[in-house]
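A look at the structure
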Amino acid sequence: MRIIIHDNYEALSKWTAYHIARRIKEFNPSAQKPFVLGLPSGTSPLGTYQQLVSLHQEGKVSFQHVITFALDEYVGISEDSPQSHHSVLWNDFFNHIDIAPEHVNVLDGNAQDLEAVCRQFEEKIRAVGGMRLFLGSIGPDGHIGFNEPGSSLASRTRIKTLTQAARAANARYFNNDVNRVPRTGLTMGVATIMDAHEVVIVISGFTKARALQKVVEEGVDHMWTVSMIQLHRHGMIVCDEEATLELKVGTVKYFKDIEQENLGLPDL
């Protein structure tokens, strides 16, 4: 597992965007060989999306042959609701790049058969060759997607009941009314995420510091679901200084030392 530590959120967002753009260009995708990208919604990846949009506008990366799979979605709210992850991803990212609408895959939280939606989502990921890169972020309790503390580390895309803590954290998107936050959601499972060829997790701010410490300095633990990244062959955490506040000084120095030559932006 690699850990890339940047001075601030802007720097980590720019570096992550360049890293993703480089991976796409190296892969040289085509209609017959698309680059498959897993993506979250939320505030943590927003800076990365903004930087990717800028790179696209500068002609440095195209998403014409990129297929995306969204990490999760609420159950029971319309896809055009401003709180739906479908809307968030289109407004923050997809509307500003050259991706084909049919290449955007978001779980349907309004379907009659939600279990079938989850099965078909898994099947479609496999059908296009699996995710080449998964970009993720975490909550303060180390969860990824709706895989809350205690979730199975062998889980697949499924229906999940949101905890009260998760609903309270998301209430800011619902006029601070926790009662408006859906009680269930659909999410990729931990094992689904870890099947990606490469997993990149962005972590920013002191509110995520305890989670980063648990994930980096302690063992794999289903109470901190993103800790599974420790076992990934191509797992990487990109964080800022604030997020490292709970790490041991020696841990921070070690990763800064071995990654110092990799902090610059690659040519695209």
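Right above here is the structure, for reference.
The paragraphs below set out a description of the structure included in this document. As the structure is a computational prediction, the values presented were derived from the model and not from experiment. Position labels on residues start from 1 in each chain and follow its written sequence. Where local features are concerned, this predicted model is filtered to residues with pLDDT of at least 70; where side-chain atom pairs are given and counted, the filter is 80 or more; whole-chain, interface and lining totals use all residues. Derived side-chain values reflect all non-hydrogen atoms in the structure, with water molecules and hydrogen atoms excluded from consideration.

When accessible area is computed with a 1.4 Å probe and restricted to protein chains, residues below 20% of their type maximum are described as buried, those above 50% as exposed, and intermediate ones as partly exposed. In this description a helix means any DSSP run of H or I spanning at least four residues, a strand means any run of E spanning at least two, and both kinds are numbered starting from the N terminus. Most of helix α7 (residues 209-217) sits out of view: seven of its nine residues are buried. What makes two residues a contact is simply this: any of their non-hydrogen atoms within 4.5 Å. Where α7 is buried, its residues contact β1 (2-6), β9 (198-203), β10 (235-240) and α8 (249-259).

Mapping Gln213 onto the fold places it in helix α7. Residue Gln213 is classed as buried on the basis of its relative accessible area, which comes to 16%. Every residue in contact with Gln213, bar those within four places of it in the chain, is listed here: Glu218, Glu246 and Leu247.

Unusually for a residue other than glycine, Asn28 sits at a positive phi of about 50°. Within the element layout of this structure, Asn28 appears in the loop between α1 (9-27) and β2 (35-39). For Asn28, a relative accessible area of 56% corresponds to the exposed category. Its identity as a non-glycine residue notwithstanding, Asn175 has a phi of 55°, on the positive side. Inspection of the secondary structure assignment puts Asn175 in the loop between α5 (164-170) and β8 (184-187).

Burial analysis of β10 places six of its six residues in the buried class, the great majority of the element. Residues of β10 alternate between two faces, with Gly235, Ile237 and Cys239 on one and Met236, Val238 and Asp240 on the opposite face, all of them buried. Summarising the sheet, β1 and β10 pair through five bridges and their orientation is parallel. From the neighbouring strand, His6 faces β10, where its bridge partner is Asp240. Handedness of a crossover: with both strands directed away from the viewer, a clockwise path from the first strand across the helix to the second marks it as right-handed. Crossover β9 to β10 through α7 is right-handed. A pair of strands is treated as paired once DSSP finds two or more bridges between them.

The next thing to look at is the sheet that holds β8. With respect to topology, three strands assemble into an open sheet ordered β4-β8-β7, the strand pairing being antiparallel. Edge positions in the open sheet fall to β4 (72-74) and β7 (158-161), since each of these has one partner strand only. The sheet shows a mean angle of 30° between the axes of neighbouring strands, taken without regard to direction. Here four bridges tie β7 to β8, and the two strands are oriented antiparallel to one another. Looking across to β8, one finds that Lys160 is bridged to Gly185. Whenever a helix is involved, its axis is fitted only over the stretch in contact; in every case the axis is a line through C-alpha atoms, and angles between N-to-C directions fall within 0 to 180 degrees. Across the sheet, helix α4 (residues 114-127) lies against β7 and β8, angled at about 125° from β7, the strand it touches most.

Our focus in this paragraph is the packing of α1 against helix α2 (residues 46-57). One can describe the packing of α1 onto α2 by two numbers: an axis separation of 8 Å at closest approach and a directional angle of 55°. Relative to α2, the element α1 lies oblique. For the pair α1 and α2, the crossing hand works out as right-handed. Contact residues: Tyr9, Ser13, Lys14, Thr16, Ala17, Tyr18, Ile20 and Ala21 in α1; Leu46, Gly47, Thr48, Gln51, Leu52 and Leu55 in α2. Orientation is classified from the angle alone, with under 35 degrees giving roughly parallel, over 145 giving roughly antiparallel, 65 to 115 giving roughly perpendicular, and any other angle giving oblique. Helix crossings fall into two classes, left-handed where the near helix is turned counterclockwise from the far one by less than a right angle and right-handed where it is turned clockwise.

Right, let's get into the sheet that holds strand β5 (residues 104-105). Strand order in the open sheet made by the seven strands is β1-β10-β9-β6-β2-β3-β5, with parallel pairing throughout. Edge positions in the open sheet fall to β1 and β5, since each of these has one partner strand only. As paired elements, β2 and strand β3 (residues 66-70) share five bridges and run parallel to each other. Bridge pairing in β3 places Val36 opposite Ile67.

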